[in-house]
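Structural overview for review
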Amino acid sequence: MTVTIADHLRALPDDALGALLRLRPDLVVPVPADLSALALRAQSRVSVARALDGLDQFTLQILDAVRLIRNPDGQTSTAAVLTITAAPAQQVASVRAALDRLRALFLVYGPDDALQVAAGVDEVSSPYPAGLGRPAAELDAAAAEVCTDPVRLRRTLLAAAPAARAILDRLAAGPPVGTLTAAAPPPQGADPAAAESPVRWLITHGLLVPITDVPAPAKAAAGAVELPREVGLLLRRDHGPLGPLHPEPPAAAARAREPKAADSAGAGQAMEAVRQTEALVRALADEPAQVLRSGGVGVRDLRRVARAAGLDERTAALLLEVAYAAGLIGELDVTGAVTARGGPEQQFLPTDRYDMWRATSLAQRWEQLARAWLAMPRRAGLVGERDERDRPIAALSAGVDRVMVPVARQAVFDVLADLEPGAAPTVDEVLALLAWRAPRRSAGREALYREVLGEATLLGMTGLGALTSYGRLLLASTDGATVPEDPLGRRSAEAEEEKIEAMRALDALLPAPVDHFLIQADLTVVVPGPPESALAAELEIIAEPESAGGASVHRVTTASVRRALDVGYSADDLHELFRRRSRTPVPQTLAYLVDDVARRHGGLRVGPAGAYLRSDDEALLTELLADRQLADLSLRRIAPTVLLAPLQVGRLLALLREAGYAPVPEDASGATLLTRPKSRRAPARPSVTSRITDPLAAPKLSGPRLLGIVDQIRRGDAAARAARRAPAPLRRGDARHGRGPVAAQSHSEALAVLQQALRDKTSVWVGYVDAHGATMSRLVRPVSIGGGYLRAEDERTETLHTFALHRITAALAEE
Amino acid sequence: MSGGPLIVQSDKTLLLEVDHPDAVACRMAIAPFAELERSPEHVHTYRLTPLGLWNARAAGHDAEGVVDALLRFSRYPVPHALLIDVAETMDRYGRLQLVNHPTHGLVLQAMDRAVLIEVARSKRLAGMLGTKIDDDTVAVHPSERGRLKQALLKLGWPAEDLAGYVDGEAHPIELAVSGRDDHPAWTLRPYQREAVEHFWAGGSGVVVLPCGAGKTLVGAAAMAQAEATTLILVTNTVAGRQWKRELLARTSLTEEEIGEYSGERKEIRPVTIATYQVLTTRRGGVFTHLDLFGARDWGLVIYDEVHLLPAPIFRFTADLQARRRLGLTATLVREDGREGDVFSLIGPKRYDAPWRDIEAQGWIAPANCTEVRVTLTDAERMTYAMAEPEERYRLAATARTKLPVVKALVERHDGDQVLVIGAYLEQLRQLGEFLNAPIVQGSTTNRERERLFAAFRSGEVPTLVISRVGNFSIDLPEAAVAIQVSGTFGSRQEEAQRLGRVLRPKADGRQAHFYTIVSRDTIDTEYAAHRQRFLAEQGYAYTIVDADDVLGPPLPSVD
């Protein structure tokens, strides 16, 4: 009877048990009740899969070996494993080490002579250990017969045609199952007479066995074949039964860069990334981006900020994500605005943190970005792709969330960090290393790893393809943050130290901030390095930026000088500033420009006034100014003949009149306004005198009035008839009245009717389509036709209408 | 941090700090691949452009060298992306080559098969490529050579043209270095010789030399090297005559061997000088003078002032790809942005010498540029304020207030040869009267003009007032002072040409003076600023003074 895993666990000393739990921490969440429960959990699919995911390719191969050679009881021995791996002397140690790793994880357990595989392993691993098929005996009697006789097997194998042999070799390399379409390439240049396809031949000769119980990966179940284990082993005789073993990670033929050169290129890129992020966030500050209903930044906004920052959209999306993760961007409710959905409208804007971030040194700024990038569970490469519902994925939206991304980044950097400083592996080399380190985990992640490497280059974590020295330090400090056992905070203090170290390393590579510039005769101002914050603030006002990068070039223009004067610099301040900041003599042209603009600055004055007072009599105005009664008016003299007052015209007039002057108001064009005082009156009411008249008596009507009333009635009647009868003949599809021809009236006919009506001065019905596409009709009297327009009078409303001729669908003379 | 003199900006400009001890070495290193954009006194700006990088490739520089130069001299870390971009851009040149196949004639050959497949699919190349000879080679009809190169450049895969040239009709031409007639013996200046050597080695291409640096002689030397019939294309008749004069004086060519092909005369001789204008004349939509290109078996075609080359000439040039082509210019910057066509049709830049360098070597005179601002009288200001917008510049430029200032300047430079240059004839007439100086304008007869020039040369006439005819390359010797009173709006080209008038080296090494008189607070000031920007970028610092400073008591010497 085999010993169960629970028994083994029970037999373990405490520290060994502890070691297992440390290796597989998921076993204690939640803490199992007893060792049986622990054993059960240790063999569960999820836990085993997790343990397997972390194993490298070699260890997995050894595990396959154990699975392959266990006897029907499920047991095998270390010796057997060593035999099957056919390990040369120097590999024995690594095989043993791999076995030890497996045993430590309790994926394999038992003493050396009775190794067993944990139950869950088979469930979560390929059914074909080491890429070998099942023994022929399990598959097919005919095949079993061939395979039991090694000589016959070998002979059959040698008799196989080259095409058939190629198929065998492919299956022997694993996996041993192929679907027929895939397994049977079209016979190339084969004699059509040899009608038998290679697969058919192989099957009839028992080297392949058709199967139906195909595992999930091979879906075309109908025509699948499997290579019996014996055949596979025979074909693998050159490499041993397990196929080629990979005890060592693939050697990265990494080009060795001068670490200094790599650092320098990386630092350049780091500086660039910081500058680009700043430009991007500034673009958001200038014009905030709307938060989409589904979250995130719309394509148009993304394109806009990208263009403003001079970036392509992919880079912009990445840097936006990083800036958001670093807390430099946030959403703000737009007060008052409400979206269609009812919630408040939101915008992406820089946060307060952005201002603090800007005030820090370049290295610190980069460090914040890089750290945010390392930790953010976002895959920026997805921005612009389509999601499962075929909608574009927006930057900063939930569609970019991918929990595993930080782990993937960690994995990539683990690989890079293990290489020599300055080693610059190609992308494919990194992928190969990752695939060796954790084949199960890396499968399907190649695209992600590529993205991570691309982003690392963009952010300056790597330079010339090699991990930079400061990047290495930064990673070391973030590693510390994930170590949980740190009750005294010692570890985090160390991490802090490393972080500072990383920044110091980067700082040394980056240009030091400068506090001066060089001015040239073409009025350009060159800051030979990143400007100090005070200098940057000054430059923002006094010059226009022209080119940015390690240094920056600005140009002093008339407009920029005026802007400086507007915010309160005087000409002398500007001269002083240029003198103080410039390392080179201030060119005479610049000094002249400043003086020239300053001379004209304020040459025009604008100010508020409620009313003005003007008089050709200067003495009178002087008198007004001196008048104590009028002191409250706060009059101001702006010219010998003009005073200004903050009061409105009416009040000023009243006060002046009160004080005994004789002002006259003017309107805006200077014409005198003479008004008679208007007395206030209540609304008119009928006088009682009218009530005396007999209410029953008919009112007396004068002749003209009578005629007027008659005309009014007639017109009312005509209008009413018109309204009743109105659009009927002109309505589209109105065939009831047999008036079809009118609706289908050609344009020229309509025009003829209109022209006739114009000559006869009669009214016509006009049907037309208005600007909204609605059909309308109107009874009008044409006044003129010309320039593509009909002008006509509507008698009912007595207004003049203009109709575009091309919009008129029909015209009908009034009957 | 290496503390080098160069700062690499992310917009691909390079800032070179001139006062840095390594600046000279750095300039030598980056000059082959970066275009000098501005060269004011402290920090020169170069720009990395695909064309510049390809020019460097054509001259035999490789990406490694470029990246190395950038890294070596850069003060700050250079962004990785920029280096990659440089390497990738340079790598695109020469992936495709135009060569002469021994049996198939002209073929396009690919060093990289994928590129050939890519470009062959492009719509731009439709009809230009002939039959496929093998996977890497496609036949090209010789008549498509130019257009194909143009199209490939637009696709970003510039082809290297190794197909060689026809020799053309031989014609003996020698440089008359020992002196001829009344001219003394002379030699080519070192940079001129270098320019010709570079051009000849490259086959075809452009030589960039500042105004007054003797581009004509480079042309003459190239002709002597080619010893073949030559077609010279110039901007206008006046320039053509000057070419003729120079060629007669500096080469073994005789009057009978040089033909002028212009609006007036249509002579086709072994050396023919034609104007752009006559070549681009159309009658009934047809270019009537195209035959000139086929009239002789030209061995060399020289394009004067390539930056002004009109579009139709590019089209004709596309058909001339088998002839050696030499472009001459002071600046490769074209206002219409067709630098790419110059590159693909005439050829890569073969030689470049910055203005200031040549000045430092003493080949052109140092100049002192001054802008004098006059304040308009109140009456003039009122007229100006009420004028129609299109009249404003004329009013501001021709203000009478400028006259006394000009006079004061002329008096200050008593004893020097002074040119007064203006654009408005009425103003020139006033100036002529006011200064009591003769006027040369468009309507002046040739004989009168020659007489006045001779008198000016001899010093008999110390002051000459000239109109816009002075913009063109007439040979005015030893003008030490130029005073510009009005110009053609904001033309930077004109300003440079006019400055060129005084830049010819002075016999006694005196300083040249260039004055611009500008009306304050008017559009004149704006145009002047625009014009000056070009010169300021070339390192000519302007000083701005008020008219009162000029009119007032003489300043302590400005020199």
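Analysis parameters
- Residues numbered from 1 in each chain as written.
- Chains lettered and ligands numbered in written order.
- Predicted model: local features only at pLDDT ≥ 70, side-chain atom pairs only at ≥ 80, totals over all residues.
- Helix = DSSP H or I, 4+ residues; strand = E, 2+ residues; numbered from the N terminus.
- Buried ≥ 20, exposed ≤ 12 C-beta atoms within 10 Å, placed from the backbone.
- Contact = placed C-beta atoms within 7 Å.
- Pairing = 2+ DSSP bridges.
- Axes fitted to C-alpha atoms, helices over the stretch in contact; angles between N-to-C directions.
- Nonpolar A, V, L, I, M, F, W, Y, C, P; charged D, E, K, R; others polar.
- Parallel < 35°, antiparallel > 145°, perpendicular 65-115°, else oblique.
- Left-handed = near helix turned anticlockwise from the far one by under 90°.
- pLDDT = per-residue confidence, 0-100.
- Core = buried A, V, L, I, M, F, W, Y, C linked by C-beta atoms within 7 Å.
- Arc of directions from axis to C-beta.

Looking only at helices and strands, chain A features 35 helices and 25 strands. Split into buried and exposed, the 815 residues of chain A put 36% on the buried side. Restricting to contacts in chain A with at least 6 residues of sequence separation, those with at least 24 account for 64%.

Before going further, it helps to examine the overall build of chain B. When you go through chain B residue by residue, the secondary structure sums to 22 helices and 25 strands. Going through the 559 residues of chain B one by one, you find that 48% of them count as buried. Counting only contacts in chain B whose residues sit at least 6 apart along the sequence, the fraction spanning at least 24 positions is 72%.

Moving on, we come to the sheet that holds strand E24 (residues 799-804) of chain A. Residues and elements named next belong to chain A. Strand order in the open sheet formed by five strands is E24-E23-E22-E21-E25, and the pairing between neighbours is antiparallel. Each of the sheet's edge strands pairs with one partner strand only, and the pair in question is E24 and strand E25 (808-813). Ignoring strand direction, the axes of neighbouring strands in this sheet form an average angle of 45°. Across six bridges, the pairing between strand E21 (residues 764-769) and strand E22 (residues 775-786) is antiparallel. When the bridges of E22 are listed, valine 769 appears paired with threonine 775. Along the sheet face, helix H35 (residues 747-760) touches E21, E22, strand E23 (789-794) and E25 and points at about 45° away from the line of E25.

Backbone hydrogen bonds are what pair the strands of a sheet, in a parallel or an antiparallel way. Residue and element names in this part refer to chain A. Spatial ordering of the open sheet is given by E4-E6-E5, a layout of three strands whose pairing is antiparallel. Edge strands, defined here as strands with exactly one partner in the open sheet, are strand E4 (177-179) and strand E5 (209-211). Strand-to-strand twist of the sheet, defined as the mean angle between neighbouring strand axes without regard to direction, takes the value 35°. Bridge analysis of E4 against strand E6 (residues 224-226) gives three bridges, and the strand direction is antiparallel.

All names here are of chain A. Across three bridges, the pairing between strand E16 (residues 544-547) and strand E17 (residues 552-555) is antiparallel. Bridge pairing in E17 links glutamate 544 to arginine 555. The turn joining E16 and E17, which pair antiparallel and follow one another in sequence, is formed by four residues; a positive phi near 155° is taken by glycine 549.

Residue-level contacts link 28 residues of chain B with 32 residues of chain A. Within the residue set of the side of chain B that touches chain A, elements represented by two or more residues are strand E1 (6-8), strand E2 (13-17), helix H4 (80-91), helix H21 (523-537) and strand E25 (542-546) of chain B. Here the residues of the side of chain B that touches chain A are counted per class, giving 16 nonpolar, six polar and six charged.

This paragraph deals with the packing of helix H28 (residues 558-566) of chain A against helix H30 (residues 588-600) of chain A. When two helices pack together, you describe them by how their axes are tilted relative to each other and by the distance separating the axes. Residues and elements named next belong to chain A. Two elements in contact, H28 and H30, have axes separated by 10 Å at closest approach and are oriented at 60°. As the angle between them shows, H28 and H30 are arranged oblique. The two elements H28 and H30 cross, and the hand of that crossing is right-handed. Only Leu593, Val594, Val597 and Ala598 of H30 make contact with H28, whose side of the interface consists of Thr558, Val561, Arg562 and Leu565. In terms of residue class, the contact of H28 with H30 is made up of six nonpolar, one polar and one charged.

This part takes up the confidence of the model for chain A. Residue and element names in this part refer to chain A. This prediction gives chain A a mean pLDDT of 80; 86% of its residues lie at or above 70. Within the model, pLDDT remains below 50 along residues 481-487, and this stretch shows four contacts once partners closer than five positions in the same chain are excluded. Note on residues 731-744: pLDDT is under 50 here. Beyond four places in sequence and across chains, it has 16 contacts.

Here the focus is the confidence of the model for chain B. Per-residue pLDDT for chain B averages 82, and the proportion of residues at 70 or more is 91%. What the predictor reports for the complex is a pTM of 0.70 with an ipTM of 0.77.

Looking now at the environment of Leu328(B). Residue and element names in this part refer to chain B. Along the polypeptide, leucine 328 turns up in strand E17 (residues 324-329). For leucine 328 and valine 218, which are 110 residues apart along the polypeptide, the C-alpha to C-alpha distance reads 8.5 Å. With residues up to four places along the chain from it excluded, the contact list for leucine 328 reads Val207, Lys215, Val218, Gly219, Ile302, Tyr303, Asp304, Glu305 and Val306.

Membership of the largest hydrophobic core comes to 211 residues, with the highest contact counts inside it found for Leu280(A) and Leu320(A). Ranked by residues supplied to this core, first place goes to helix H16 (residues 259-286) of chain A with eleven residues. If sequence neighbours within four positions are ignored, Leu320(A) has contacts with Leu280(A), Val297(A), Ile329(A), Ala395(A) and Leu396(A). Grouped together as the second largest cluster of nonpolar side chains are 52 residues, Val406(B), Ile439(B), Ala482(B) and Ala529(B) included.

Residue and element names in this part refer to chain B. Of note in this structure, glutamate 227 is not a glycine but carries a positive phi near 50°. Judged by local crowding, glutamate 227 falls into the partly exposed class, with 16 C-beta atoms found within 10 Å. A positive phi angle, close to 50°, is found at glutamate 305, a residue other than glycine.

Residue and element names in this part refer to chain B. Direction vectors running N to C along helix H7 (residues 190-202) and helix H8 (residues 215-226) enclose 50°, while the axes themselves pass 9 Å from each other. Taken together, the axes of H7 and H8 are oblique relative to one another. As H7 runs across H8, the sense of the crossing is right-handed. Taken together, the residues of H8 that come into contact with H7 (itself represented by Gln192, Ala195, Val196, Phe199 and Trp200) are Leu217, Val218, Ala221, Ala222 and Gln225. Here the residues of the contact of H7 with H8 sort into eight nonpolar, two polar and no charged.

Residues and elements named next belong to chain B. Along helix H18 (residues 425-435), the positions that sit buried rather than exposed are Gln427, Leu428, Leu431 and Leu435. Along the long axis of H18, the arc covered by the buried residues comes to 100°, so they all point the same way. In H18, those exposed residues whose orientation departs by more than 90 degrees from the buried face are Glu426 and Glu433. Elements that come into contact with the buried residues of H18 comprise helix H17 (402-412), strand E20 (418-421), strand E21 (439-440) and strand E22 (463-466). Immediately beyond the C-terminal end of H18, within one or two residues, lies asparagine 436, with a positive phi of roughly 60°.

Turning our attention to the environment of Arg315(B). All names here are of chain B. Its place among the elements puts arginine 315 in helix H12 (residues 311-318). For arginine 315, a count of 17 C-beta atoms within 10 Å gives the class partly exposed. Along the primary structure arginine 315 and aspartate 341 are separated by 26 residues, whereas in three dimensions their C-alpha atoms are 9.7 Å apart.

In this section: the environment of Thr49(B). Here Thr49(B) is to be found in the loop between strand E4 (43-47) and helix H2 (50-58). Between the C-alpha atoms of Thr49(B) and Phe33(B), which are 16 residues apart in sequence, the distance is 8.4 Å.

Here we take up the pairing of E23(A). Residue and element names in this part refer to chain A. Bridge count for E22 against E23 is six bridges, and the pairing is antiparallel. Considered in E23, the bridge of proline 782 is made with alanine 792. Taking the residues that link successive antiparallel strands as the turn, the E22-E23 hairpin has two residues, and the phi of glycine 787 there is positive, at about 60°. Inspection of the sheet shows E23 paired to E24 by six bridges, in the antiparallel sense.

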